[in-house]
Amino acid sequence: MRAIGIILAGGNNHRMKELSQKRAIAAMPIAGSYRSIDFALSNMSNSHIQKVGVFTQYNARSLNEHLSSSKWWDFGRKQGGLFVFTPTVTYDNSFWYRGTADAIYQNLAFLKNSHEPYVIIASADCVYKMDYNKVLEYHIEKKADITVVCKDMPAGTEVERYGTLKMNEECLIEDFEEKPIVAKSNTISCGIYIIRRRQLIELIEKSAEEDRHDFVRDILIRYKNLKKIYGYKIKEYWRNIASVEDYFSTNMDFLKPEIRDYFFKQYPDVYSKVDDLPPAKYNMGSQIRNSLISSGCIINGIVEDSVVFKKVFIGNNCFIKNSIILNNVYIGDNTHIENCIIESRDTIRANSYHKGENGIKIVIEKNERYIL
Amino acid sequence: MIKKEMIAMLLAGGQGSRLGVLTLKMAKPAVAFGGKYRIIDFPLSNCINSGVDTVGVLTQYQPLRLNTHIGIGIPWDLDRNIGGVTVLPPYEKSTSSQWYTGTANAIFQNIDYMETYNPEYVLILSGDHIYKMDYEVMLDFHKQNKAEVTIATMAVPLEEAKRFGILITDENRRIVDFEEKPENPRSNLASMGIYIFNWKTLKEALIAKAEQPALDFGQHVIPYCHEKGAPLYAYEYNGYWKDVGTLQSYWEANMELIDIVPEFNLYEEYWKIYTRSLTLPPQYISSESVVEKSIIGEGTTIYGQIYNSVIGCGVTIGSGTIVRDSIIMNEAVIGDGCEINKGIIAENVQIGNEVRLGIGEEVPNETHPHIYSHGMVTVGEKSVIPDGVTVGKNTVIAGTTDYDDYMNKSLAGGKTLIKAGDES
């Protein structure tokens, strides 16, 4: 094995609005059956990376539950395995993770005790499929110090919430800005990096000495003229979900046949925790048009252009359109839901009306389920 | 020393020939059921839900599918350091090697396996029934009565009692007599083929009757224990229990799952049924689809119209296709513009475009009128049916078929078309 993996799953983002009250972005449900972190984990597993550390901090209950067994991604092995690093108070440190570099610094033993020469760093809030070995080959061929996976975003994308970069014709990164006010390029960093393990240890230790804690700002940007940092451009599907709009549209992407084919049918698969739910059930009066329905659902109403997650109950005479219904939601009879995201485990009383007028409405009702 | 209070022995070696081509290449317990399950998932899930974590599965007929399904038992949490699930095929011995010649003979040949766990009780199960049962409650009943053998029973209508093994009990549920498929039944308590034995009693009986050809529980072991005066008790079970031994009962049991509140409810939170899931993605239903009164498994894509049907995982149903009252198993692909009436379409079947199944008058099947009946069309696993073919009722198709196999692109009602050995 040539590389170990690090998945940064600590983050929260104010752009997720109410959706991040409940969980870290890494645990956001995606495409009916998955969680955001499944994509990074499956990519690691499918790239034959056997040892993966997941760094969590913000509200990790949901994420920890999801990661309670590593067997779903085939990590339950004697060699390697899945390691979850949550901040802890130690003899010489009483801080939370003050940044991504600090998270790695506080668990530097994970890197020091490994023997694999390379480290692949990925973030848990992106939806994509990737063979990291291809990037690693590129990294070795370029004799790079750090390789950053990047993507050209279509014109008009709000690239200011990403790291943007400029490369020369050799793909050497000349300019790198984190969340610029005015972006100079529409090439963005995908948050996936490859670096030699010893190099990473050295850079992280040096940053820690200088009280610098962020991997992008204090290592990538600070060292861009000193170290050889290359870009690896991808053309394949890649989406970051860390805003309500992107989260919504990424889920809706799965209604397109070519996206479903790419993620669901083409080898290799994306793995997730298996829930042992029965098949979805459609009773008399159900009408489904252009929608994804997950296992364990019971549907009596009308569903159009929507993504319905697991174990959702939709009552008689309901009308659901252009919406995302997260896991384990109960929707009472005669309810109208349009342009909404319904938070998981919620109970929507009968005869409710919810419509997102200017954009997506997030519905969190917190009703008791059994006094309907 | 290892000590398990109760271990289970699950008889899964039978062919189940009355399921016709469904069991051509797999044992009956491996046949798909209810969209995503296989029949054996029910007893295996019952075991783990009842706290029985040591299960020997006795296989003989076509075991490949069963073996790959069970694996090391991960889906049922039966991958254990001590115990767990063990597949027990017949094996060669230094003298007198033989196949499993009867239900009890299979258990007899695995005395060593049971001995390893040093059990107090042994639970004997068969792998061909659909039910949810707490074996721990049955064990409590067994212990309370200080029984040596307890037989699970259920009350059946008296007129149907002649199809079963019938038990006659006293007021304390102690068994006083039994009859196998009696003409004039004296009781309506039918044996479900589920037994709890004291290990000592079972071992003694198996060794004493070892020379009996085709050693069977109902015919030999239970009568032997009774004659010896061992206390035999009948435990009465009142829940849902369905024998899916014939195509007709198999079809009915599947169809019962789509009722508004099914008698056998898979949606209850406790007593989950576990299975090996290979497909995770949600199912996609297109804009022009209709889905009514059906259940559908993961990863299935539907462009057509589905009424009153049970659809498995990873199935594709083309646009304009109408499926009625049918069972379509995992990974089957149905083309565009088809019509399927009361079909049982096995796994990995490929049906072309404009194919019509279950058309015309009902004619008894020419070769197996008792198996392929009630107007069903049965298509065996991995079969291929070419574009534009019309198929009548009470028919069966297996293997890769082409136009040469059909008269003017049609197969008349009651015909059997089995091209064995044609694997694609």
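Residues numbered from 1 in each chain as written. Chains lettered and ligands numbered in written order. Predicted model: local features only at pLDDT ≥ 70, side-chain atom pairs only at ≥ 80, totals over all residues. Heavy atoms only, no water.

> Lay out the side chain of S294 of chain B in plain terms, naming residues and giving numbers.
Mapping S294 of chain B onto the fold places it in strand β16 (residues 294–296). According to the relative accessible area criterion, S294 of chain B is buried, its value standing at 1%. At 2.9 Å, the side chain of S294 of chain B forms a polar contact with the backbone oxygen of E292 of chain B. Residues in contact with S294 of chain B, not counting those within four places in the same chain, are A280, K281 and Y282 of chain A together with I258, I306, Y307, N308 and S309 of chain B. (Helix = DSSP H or I, 4+ residues; strand = E, 2+ residues; numbered from the N terminus. Buried < 20%, exposed > 50% of the residue type's maximum accessible area, 1.4 Å probe, protein only. Polar contact = N/O pair within 3.5 Å; in protein donor to acceptor, adjacent residues only side chain to side chain. Contact = heavy atoms within 4.5 Å.)

> Requested: an account of the sheet that holds strand β14 (residues 280–282) of chain A, with residues and values cited.
The strand order across the open sheet built from 12 strands is β26(A)-β23(A)-β20(A)-β17(A)-β14(A)-β16(B)-β19(B)-β22(B)-β25(B)-β28(B)-β31(B)-β33(B), with neighbouring strands paired in mixed fashion. Strands at the two margins of the open sheet, each flanked by one partner only, are β26 (347–348) of chain A together with β33 (416–418) of chain B. With three bridges joining them, β14 of chain A and β16 of chain B adopt antiparallel strand pairing. Paired with Y282 of chain A across the strands is S294 of chain B, a residue of β16 of chain B. (Pairing = 2+ DSSP bridges.)

> Please set out the confidence of the model for chain B residue by residue, giving values where relevant.
The share of residues in chain B with pLDDT of 70 or more is 99%, and the mean pLDDT across the chain is 94. Here the predicted complex scores 0.93 on pTM and 0.91 on ipTM. (pLDDT = per-residue confidence, 0-100.)

> Which residues make up the packing of aromatic side chains, and what are the values?
Scanning the model with the defined rule gives 28 aromatic pairs over all chains in all. Where Y237 of chain A meets F263 of chain A, the ring centres are 5.5 Å apart and the plane angle is 85°; that geometry is what we call edge-to-face. Note that Y237 of chain A is positioned in the loop between β12 (229–233) and β13 (238–240) and F263 of chain A in helix α9 (residues 257–265), a separation of 26 residues in sequence. Each of the two residues, Y237 of chain A as well as F263 of chain A, counts as buried. Aromatic ring contacts, followed pair by pair, group Y34, F39, Y237, F254, Y262, F263 and F264 of chain A into a single cluster. Over the ring of Y262 of chain A we find K129 of chain A, and its NZ or CZ is 5.3 Å from the ring centre. For K342 of chain B, the ring lying beneath its charged end belongs to W251 of chain B, and the centroid distance is 4.4 Å. (Phe/Tyr/Trp six-rings, centres within 6.5 Å; stacked < 30°, edge-to-face > 60°. Lys NZ or Arg CZ within 6 Å of the ring centre and 35° of its normal.)

> Account for the nonpolar core, naming residues and giving values.
Within the largest apolar cluster, 127 residues are counted, with the highest numbers of intra-cluster contacts made by I293 of chain A together with M133, I194, Y250, I351 and L357 of chain B. It is helix α8 (residues 247–256) of chain B that contributes the most residues to this core, five residues altogether. Once residues within four sequence positions are removed from consideration, I293 of chain A is found in contact with A280, Y282, I288, I299, V303 and V308 of chain A together with P282, Q283 and I285 of chain B. A27, Y118, I120 and Y132 of chain A belong to the second largest nonpolar core, which has 41 residues in total. (Core = buried A, V, L, I, M, F, W, Y, C linked by side-chain atoms within 4.5 Å.)

> Could you give an account of the pattern of salt bridges, naming the residues involved and the relevant values?
Summed over the entire model, instances satisfying the criterion amount to 43 salt bridges over all chains. Among the ionic pairs, E304 of chain A bridges to R289 of chain A, the shortest N-O distance being 2.3 Å. Taken together, the residues E304 of chain A in strand β18 (residues 302–304) and R289 of chain A in strand β15 (residues 287–289) connect sequence positions 15 residues apart. For the salt bridge of D53 of chain B with R80 of chain B, the shortest nitrogen-to-oxygen distance reads 3.8 Å. Here D53 of chain B, found in the loop between α1 (41–49) and β4 (54–58), pairs with R80 of chain B, found in the loop between α2 (64–70) and β5 (84–88); they are 27 residues apart in sequence, far enough to count as distant. (Salt bridge = Lys/Arg side-chain N within 4 Å of Asp/Glu carboxyl O.)

> Account for the domain arrangement of chain A, with residues named and values stated.
All names here are of chain A. You can read the domains of chain A as domain 1 (3–264) and domain 2 (281–371). Computed from C-alpha coordinates alone, the two centres of domain 1 and domain 2 are separated by 33 Å. Facing 22 residues of domain 1, the contacting portion of domain 2 comprises 23 residues. Approximately 1800 Å² of surface area, both sides summed, lies buried where domain 1 meets domain 2, with 67% of it carried by carbon and sulfur atoms. Taken as a group, G32, F248 and L255 account for 32% of the area that domain 1 buries against domain 2, more than any other trio of residues on that side. Seen at the junction of domain 1 and domain 2, the total is one salt bridge. (Domains from an automatic or database assignment. Buried area = accessible area lost by both parts, 1.4 Å probe.)

> Help me get a handle on the interface of chain A and chain B, residues and values and all.
Opposite the 38 residues of chain A that make contact, chain B presents 38 residues. For the pair chain A and chain B, the summed buried area comes to about 2900 Å², and 53% of that belongs to carbon and sulfur atoms. Across the pair E269 of chain B and K311 of chain A runs a salt bridge whose closest N-O atoms are separated by 2.7 Å. In this assembly, chain A and chain B are joined by 18 residue pairs in polar contact (both at pLDDT 80 or more). Looking at the side of chain A that touches chain B, the elements that each hand over two or more residues are α9, β14, β15 and β16 (291–293) of chain A. With three bridges joining them, β16 of chain A and strand β14 (residues 283–285) of chain B adopt antiparallel strand pairing.

> Explain the state of the cysteines to me, using residue names and the numbers behind them.
Within this structure, the stated rule accounts for zero disulfides over all chains. Residue C126 of chain A stays outside any disulfide, its sulfur separated by 7.0 Å from that of C190 of chain A, the closest cysteine. (Disulfide = S-S within 2.5 Å.)

> Please provide a residue-by-residue account of the sheet that holds strand β17 (residues 301–302) of chain B, values included.
Spatial strand order, β28(A)-β25(A)-β22(A)-β19(A)-β16(A)-β14(B)-β17(B)-β20(B)-β23(B)-β26(B)-β29(B): 11 strands in an open sheet with mixed pairing. Here the strands that pair on one side only, and so sit at the sheet edges, are β28 (361–363) of chain A together with β29 (384–385) of chain B. When strand β20 (residues 316–317) of chain B meets strand β23 (residues 333–334) of chain B, the two strands line up parallel, connected through two bridges. Note that in β23 of chain B the partner of I317 of chain B across the bridge is I334 of chain B.

> Got a sec to walk through the environment of G51 of chain B? Specific residues and values, please.
Mapped onto the elements of the fold, G51 of chain B is located in the loop between α1 and β4. It is 20 Å that separates the C-alpha atoms of G51 of chain B and G193 of chain B, two residues lying 142 residues apart in sequence.

> Quick one: what's the story with α1 of chain B, residue by residue and with numbers?
Among the nine residues that make up α1 of chain B, eight are buried, leaving the element largely enclosed by the rest of the structure. Of the positions making up α1 of chain B, those classed as buried are D41, F42, P43, L44, S45, N46, C47 and I48 of chain B.

> Please set out the pairing of β4 of chain B residue by residue, giving values where relevant.
Residue and element names in this part refer to chain B. Counting buried residues along β4, five of its five residues qualify, which places the element largely inside the surrounding structure. Alternating residues of β4 divide into T54, G56 and L58 and V55 and V57, and every residue in both groups is buried. The sheet contact formed by strand β1 (residues 6–11) and β4 spans four bridges and is parallel. Across the sheet, L10 pairs through a bridge with V57, a residue of β4. Where β4 meets β5, five bridges bridge the pair, whose relative direction is parallel. Bridge assignment links T54 to a residue of β5, and that residue is G84. In this fold, the crossover linking β4 to β5 by way of α2 has right-handed handedness. (Right-handed = clockwise from strand over helix to strand, strands pointing away.)

> Report on unusual backbone geometry, specifying residues and quantitative values.
It is generally the case that most residues other than glycine have a negative phi and that most peptide bonds are trans. The amide bond that connects Y267 of chain A to the next residue, P268 of chain A, takes the cis arrangement and shows omega of -5°. You will see that N394 of chain B, though not glycine, has its phi angle at about 55°, which is positive. Within the secondary structure, N394 of chain B is located in the loop between β30 (390–391) and β31 (395–398). Even without being a glycine, K409 of chain B presents a positive backbone phi close to 55°. Locating K409 of chain B in the fold gives a position in the loop between β31 and β32 (410–411).

> Could you give me a rundown of the packing of helix α6 (residues 199–208) of chain B against helix α7 (residues 217–227) of chain B, with the residues and numbers involved?
All names here are of chain B. Contact geometry of α6 with α7 gives a least axis separation of 10 Å together with a crossing angle of 115°. Viewed along their axes, α6 and α7 adopt a mutual orientation that is roughly perpendicular. You can see that α6 and α7 cross each other, and the crossing is right-handed. Residues T201, L202, E204, A205, L206 and A208 of α6 touch α7, and the partners they reach there are F217, V221, Y224 and C225. Grouping the amino acids of the contact of α6 with α7 by side-chain chemistry returns eight nonpolar, one polar and one charged. (Axes fitted to C-alpha atoms, helices over the stretch in contact; angles between N-to-C directions. Parallel < 35°, antiparallel > 145°, perpendicular 65-115°, else oblique. Left-handed = near helix turned anticlockwise from the far one by under 90°. Nonpolar A, V, L, I, M, F, W, Y, C, P; charged D, E, K, R; others polar.)

> Would you mind going over α9 of chain A in detail, with residue names and values included?
Listing the buried residues of α9 of chain A in full gives I259, R260, Y262, F263 and F264 of chain A. Down the axis of α9 of chain A, the buried side of the element spans an arc of 165°, and every buried residue falls inside it. (Arc of directions from axis to C-beta.)

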